[in-house]
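The residues making up each chain are set out below.
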Amino acid sequence: MTLSKLEELIAQLNPQTREKFIRIFEVSQVEGKLKIPKPMQNWVEEKFESIANVENQQIIKIINKITHRGILFNPLRSQRPNQAENHDATLSELIQTTKNGPFCHPEEMTPEDVFGRVRGAYCTTASNIAKADCWHGVIIFNKHDPLDWGENEIVDFLSTAKRWFELVHQSDKTARYPFIFWNCLWKASASIVHGHMQMTVSESAYAKTKLLSEQVEQYQRQYRSNYFNDLYEIHNALGLTLHTDSSDIKIMVSLCPKKERGLVILNNKFDRPLWEHFAKTMVAYRDKLRIKTFNVGITLPPLDNLQTNWNLPVMIEIIDRGDLSSNNPEIGGMEKFAQEVISRDPFRTRNLLTS
Ligand SMILES: [Zn+2]
């Protein structure tokens, strides 16, 4: 299955699911045309296989009408010439050259939080030296190589984050809204190569979280239906979900991702079964998709459970940040100010992850 067959797939959905699809998504297809001059023809055939594919390009547009986010999908763009300068050294050599920085010696070379450090089996925490929020910590992996982790390590990182959140909240009752993010390598905006995740706790929910919470609440009011359940039902019917051992844990290859090869994992709790499913997913993300640079964001409910109108599940979002050998960040004016431009087919991503 490919995204180009989406219209056919939608037509085959059962009426209830199709109604939900139409409620949430708007899909359209346009054709971009151009003419290749003779001197370019050989090069185009070599690069893109066929001149016809380039002269008539199919672009699929998907908009999520609830979150007002959208994608412009053109698979041809993943084959377009990249003129950014390539790095010479191989990745692992490059990673080795960054050894012996502060994160290789966290006890001596990184600040600690006012309550001290939390130590896991495979990591230790530090206080972020230049804070994005009043509580901003770092989970420093014991291993330097930011891609050298297995399932046990990831479970340990998240369990350590949970203990850090508890200590923050004990120290400061106004610190209520926890968030975890993981930027892996420079293309994903990591300023330090050594493996690490980051955690913040804020006195109020972040702007994007607030907006999503309001949109989900509005959806619930309007349709008397849970947005995330409907979103999962649609992805499942389209064949864009991954199997889990728990009926509560839901994993989707996003039809309308925030960047290439976006995954979303949902659960009602931030607990060990979720950590284990996330860990397994990340190992497949790295090994089966061969992704080396990525962002992860984990949106969590308030620490004190005082807010009764919290509408969001625990939500883990994962995006691929592309080819590390290219200096092009692949987030430009379109992505920042208009709509995501995507070239990786979610159906292919799902197949690779389950292969
Ligand atoms: Zn290091």
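Owing to the predicted nature of the structure, the values given are computational and were not obtained by experimental measurement. (Residues numbered from 1 in each chain as written. Predicted model: local features only at pLDDT ≥ 70, side-chain atom pairs only at ≥ 80, totals over all residues. Heavy atoms only, no water.)

Caption draft 1: Up close: helix α8 (residues 207-223). Between its first and last C-alpha, α8 extends 24 Å over 17 residues, near the 24 Å set by a 1.5 Å rise per residue. Taken together, the buried positions of α8 are T209, L212, S213, Q215, V216 and Y219. All buried residues of α8 lie within an arc of 165° about the axis, which places them on one face of the element. Opposite its buried face, α8 presents the exposed residues A207, E214 and R221, each directed more than 90 degrees away. Buried residues along α8 sit in contact with α2 (15-24), α9 (227-238), β11 (294-299) and β12 (314-320). (Helix = DSSP H or I, 4+ residues; strand = E, 2+ residues; numbered from the N terminus. Expected span 1.5 Å × (residues − 1). Buried < 20%, exposed > 50% of the residue type's maximum accessible area, 1.4 Å probe, protein only. Arc of directions from axis to C-beta. Contact = heavy atoms within 4.5 Å.)

Caption draft 2: Region of interest: the coordination of the zinc ion. Bound to the zinc ion are the protein donor atoms C104 (SG), H144 (ND1) and H194 (ND1), situated 2.0 to 2.1 Å from the metal. Going along the chain, you hit the donors of the zinc ion in the pattern C-x39-H-x49-H. Highlighted residues: H144 in the loop between β5 (135-141) and α7 (151-171) and H194 in the loop between β6 (177-184) and β7 (196-202), separated in sequence by 50 residues. Given the relative accessible area of 7%, H144 is considered buried. Given a relative accessible area of 3%, H194 falls into the buried group. (Donors = N, O, S within 2.8 Å, 3.2 Å for Na, K, Ca; no water.)

Caption draft 3: Seen up close, the sheet that holds strand β4 (residues 123-127). Strand order in the open sheet formed by nine strands is β4-β5-β7-β6-β11-β12-β10-β9-β8, and the pairing between neighbours is antiparallel. The two strands at the open ends of the sheet, each matched to only one other strand, are β4 and β8 (241-242). Alignment of β6 against β11, held across six bridges, turns out to be antiparallel. Across the sheet, the residue bridging to F179 is T299, located in β11. The strands that α9 touches are β8, β9 (250-253), β10 (263-267) and β12; relative to β9, the one it contacts most, it runs at about 60°. Helix α10 (residues 272-287) contacts β6, β9, β10, β11 and β12 of the sheet and is inclined by roughly 5° relative to β12. (Pairing = 2+ DSSP bridges. Axes fitted to C-alpha atoms, helices over the stretch in contact; angles between N-to-C directions.)

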